[in-house]
Amino acid sequence: MKYSLFSLAVNTLGKHRFWPPMFTEAAPRRNYEIIIIGGGGHGLATAYYLAKVHNITNVAVLEKGVIGLGNVGRNTAIVRANYLLPENSIFYQHALTQWETLERELNFNAMVSQRGILNLFHSDAQRDAFARRGNAMIIEGAGAELVGAGQVKKMVPFLDFDNARFPILGALVQKRAGTVRHDAVAWGYARAAASLGVDIIQNCEVNGFETANGRVSAVHTTRGTIAAPKIGISVAGSSSLLAEMAGFRLPVESHVLQAFVTEAIKPLINNVITFGAGHFYVSQSDKGGLVFGGDLDGYNSYAQRGGINTMRDVVESGMALMPLIGRIKLLRSWGGVVDMSMDGSPIIDRSPLEGLYINAGWCYGGFKATPAAGLAFAHLIARDQPHEIAGAFTLDRFLSGHIIDEKGQGAQPNLH
Ligand SMILES: Cc1cc2nc3c(=O)[nH]c(=O)nc-3n(C[C@H](O)[C@H](O)[C@H](O)COP(=O)(O)OP(=O)(O)OC[C@H]3O[C@@H](n4cnc5c(N)ncnc54)[C@H](O)[C@@H]3O)c2cc1C
């Protein structure tokens, strides 16, 4: 069904009882041309682009749970393209451009909202670093503006500008950045992929690989063995577990990242704000809740929940930036397991096994990458060649030392 004003009107007459399901649940077949493991944003986008761009529809997406409940539905929904290094900025600028037309392409309302992002700076040195980053963004076509404290005050007057320790001196602004309704992205891609013939199989956990002579030929799942000459792993926080099943190690650690939502308040923040002196970022959802997040919990884990100590740290940063947050009640928090690579940049590459491909290492920034990651991963699997926007995201860069260390912090996942 095509979603339109007409279909909305017709279904309103039927009191919304007759909308067809977004996609039909497929039962696993024994063979496919391509299997994608993981029905998150990246896996579903990959399946969609395999069908749409490469005309390969004999594809199964195997999801251990239900789609939309992994990180794709747990993130703070921020999309941006404010990177410095060319390898990242080309890629994320491409993703941002894709977000701008995605809803029309998928015929699905993902609430793409280009409300702008303000990265605040609090010292002269930080301003200089942001100016350099902004110049790189302008060169890449992603757009950027460096504004002083006066302009920031006009946009968000409720911040603590004169904080003795972290005075706000200005911000790097990207107007094209913003937020996207995160789980709608999973549903939109699932619906579009299924309508092109892809099988989306939920409650189907992969628990092993069939391999012979350095080649992968099938996956073992909770619903039987399923064969395919090409298999893509796109499981975010579970990447290292899947790699271990296939017999290799990834330079990736799994960490918990939390998100927080307050009670709904009247419209206050109409953009995304990041604190430059601590790890805190905030936006306001259309329902009115303030959505914010901060640092990793700081230990390796596969549990989708975090600790109270990190919550306290994040809220403390929030108080330093906008003291009014102290009057608002925190309603909900949750955790997601993020796949932290050692240089903070992702991996979209072949694995050491022939026929097995890996998309991982998205740290806490993989949501905004979803359309570009799906496009690039589909290209790699279909053509056995890296896509031009993702050629640098190789697995062996950690062996050769050609790391893409965006933050210049070295090989420590907790610093990226
Ligand atoms: C709290 C939080 C805030 C974040 N905020 C942002 C943000 O604001 N902006 C941003 O760009 N990024 C953000 N991120 C990161 C972003 O959400 C992730 O990088 C991205 O969603 C990962 O890709 P995905 O959507 O495919 O992952 P997922 O949705 O996690 O998909 C992976 C899927 O694989 C499945 N799976 C795992 N193991 C198996 C198996 N053995 N067999 C079958 N299926 C399996 C899982 O069930 C899961 O559904 C945030 C993450 C968190 C946790």
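Residues numbered from 1 in each chain as written. Predicted model: local features only at pLDDT ≥ 70, side-chain atom pairs only at ≥ 80, totals over all residues. Heavy atoms only, no water.

### Things to note about the layout of surface pockets
As a reminder, the rule being used: Grid points spaced at 1 Å and placed over the protein atoms alone form the basis of the search, with a cavity being a set where a 1.4 Å probe fits but cannot get out and a pocket an open set showing protein on both sides within 12 Å along at least five of seven lines. Lining residues have an atom within 4 Å of a point. Grid points are joined across faces, edges and corners, and a volume is the space filled by probe spheres set on the points. Strands here mean DSSP runs of E at least two residues long; helices mean DSSP runs of H or I at least four residues long; both are numbered from the N terminus.
Volume-wise, the second largest pocket comes out at about 620 Å³. In terms of lining residues, the second largest pocket is bounded by 27 residues, among which R181, H182, S285, K287 and V291 are the most central. Only α6 (182-195), β13 (252-264), β15 (281-284), β16 (289-300) and β17 (330-341) provide two or more residues apiece to the lining of the second largest pocket. Here the lining of the second largest pocket takes four residues from β13, the largest share from any one element.

### A short note on empty space enclosed by the protein
What counts, and what does not: Think of it as three bins: nonpolar holds Ala, Val, Leu, Ile, Met, Phe, Trp, Tyr, Cys and Pro, charged holds Asp, Glu, Lys and Arg, and polar takes everything else, Gly as well.
On inspection of all chains with the given rule, the structure shows one cavity of 30 Å³ or more. Computed from the structure, the largest cavity encloses a volume of approximately 30 Å³. Surrounding the largest cavity, V79, L96, W99, E100, V112, S113, Q114, R176, A177, G178 and T179 form its lining. At the level of secondary structure, the elements contributing two or more residues to the lining of the largest cavity comprise α3 (86-106) and β7 (178-179). The biggest single contributor to the lining of the largest cavity is α3, with three residues. Looking at side-chain class alone, the lining of the largest cavity contains five nonpolar, four polar and two charged residues.

### Comments concerning the UniProt feature "domain: Rhodanese" (unreviewed entry) in the chain
The test is simple: UniProt positions are given in the numbering used here, feature names are shortened, and annotations may be inferred rather than shown by experiment.
Mapped onto this structure's residue numbering, the UniProt feature "domain: Rhodanese" (unreviewed entry) falls at residues 33-78. Taken end to end, residues 33-78 is 30% helix and 20% strand, and its first and last C-alpha atoms sit 34 Å apart.

### With respect to the side chain of S351
Stated formally: Partly exposed describes any residue whose relative accessible area lies between the buried limit of under 20% and the exposed limit of over 50%, with all areas from a 1.4 Å probe on protein chains only and scaled to the type maximum. In protein, a polar contact requires one atom able to donate a hydrogen and another able to accept it; more generally it is a pair of N or O atoms within 3.5 Å, and residues adjacent in sequence count only if both atoms are side-chain atoms. Contacts are assigned to residue pairs with any non-hydrogen atoms lying within 4.5 Å of each other.
Secondary-structure assignment places S351 in the loop between β18 (347-350) and β19 (356-360). What makes S351 buried here is its relative accessible area of 10%. Of note is the side chain of S351, whose polar atom sits 3.0 Å from the backbone nitrogen of L353. Filtering out sequence-adjacent residues up to four positions away, S351 remains in contact with F248, L356 and Y357.

### A look at the packing of helix α2 (residues 41-54) against helix α9 (residues 370-383)
Basically, it comes down to this: An axis is simply a line fitted to the C-alpha atoms; with a helix, the fit covers only the stretch in contact. Between two such axes, the angle follows the N-to-C directions and lies from 0 to 180 degrees. With respect to orientation, any angle under 35 degrees is reported as roughly parallel, any angle over 145 as roughly antiparallel, any angle of 65 to 115 as roughly perpendicular, and every other angle as oblique. Throughout, a crossing is termed right-handed when the near helix is turned clockwise from the far one, and left-handed when it is turned anticlockwise from it by less than a right angle.
One can describe the packing of α2 onto α9 by two numbers: an axis separation of 7 Å at closest approach and a directional angle of 55 degrees. Overall, the two elements α2 and α9 adopt an arrangement that is oblique. As α2 runs across α9, the sense of the crossing is right-handed. Judged by residue contacts, G41, H42, A45, T46, Y49, L50, V53 and H54 of α2 engage T370, P371, A373, G374, L375, F377, A378, H379, I381, A382 and R383 from α9. Residues that form the contact of α2 with α9 fall into these classes: eleven nonpolar, seven polar and one charged.

### Things to note about the sheet that holds strand β11 (residues 224-227)
Quick note on the threshold: Between any two strands, at least two bridges found by DSSP are needed for them to pair.
In spatial order, the strands read β9-β10-β11; together these three strands make up an open sheet with antiparallel pairing. Strands with a single pairing partner mark the edges of an open sheet, and in this sheet they are β9 (206-212) and β11. If you compare each strand with its neighbour and ignore which way they point, the axes differ by 30 degrees on average.

### Some details on the sheet that holds strand β2 (residues 59-62)
Sheet architecture is open: six strands sit in the order β8-β2-β1-β12-β19-β18, paired in mixed fashion. Bordering the open sheet on either side are β8 (199-201) and β18, each of which pairs with just one other strand. Each strand of the sheet is rotated relative to its neighbour by a mean of 15 degrees, with strand direction disregarded. Contacts between α2 and the sheet are confined to β1 (34-37), β2, β8 and β19, with β2 contributing the most and set at about 175 degrees to the helix.

### Overview of the domain arrangement of the chain
When the parts of a complex come together, some accessible area is lost, and that lost area is often taken as the interface size. Quick note on the threshold: For the domain bounds, the source is a domain assignment made automatically or taken from a database. In short, buried area is how much 1.4 Å probe accessible area vanishes from two parts on joining, totalled over both. For salt bridges, the criterion is a side-chain nitrogen of Lys or Arg within 4 Å of an Asp or Glu carboxyl oxygen.
Taken domain by domain, the chain consists of domain 1 (27-77 + 182-252 + 343-415) and domain 2 (115-178 + 254-340). The centre of domain 1, based on its C-alpha atoms, is set 29 Å off from the matching centre of domain 2. Taken together, the contact pairs 21 residues of domain 1 with 22 residues of domain 2. Of the roughly 1,800 Å² buried between domain 1 and domain 2 on both sides combined, carbon and sulfur atoms contribute 53%. The largest share of the area that domain 1 buries against domain 2 comes from R74, T76 and Y364, three residues that together contribute 38% of it. If you look at where domain 1 meets domain 2, you find one salt bridge. Across the pair E406 and R133 runs a salt bridge whose closest N-O atoms are separated by 3.1 Å.

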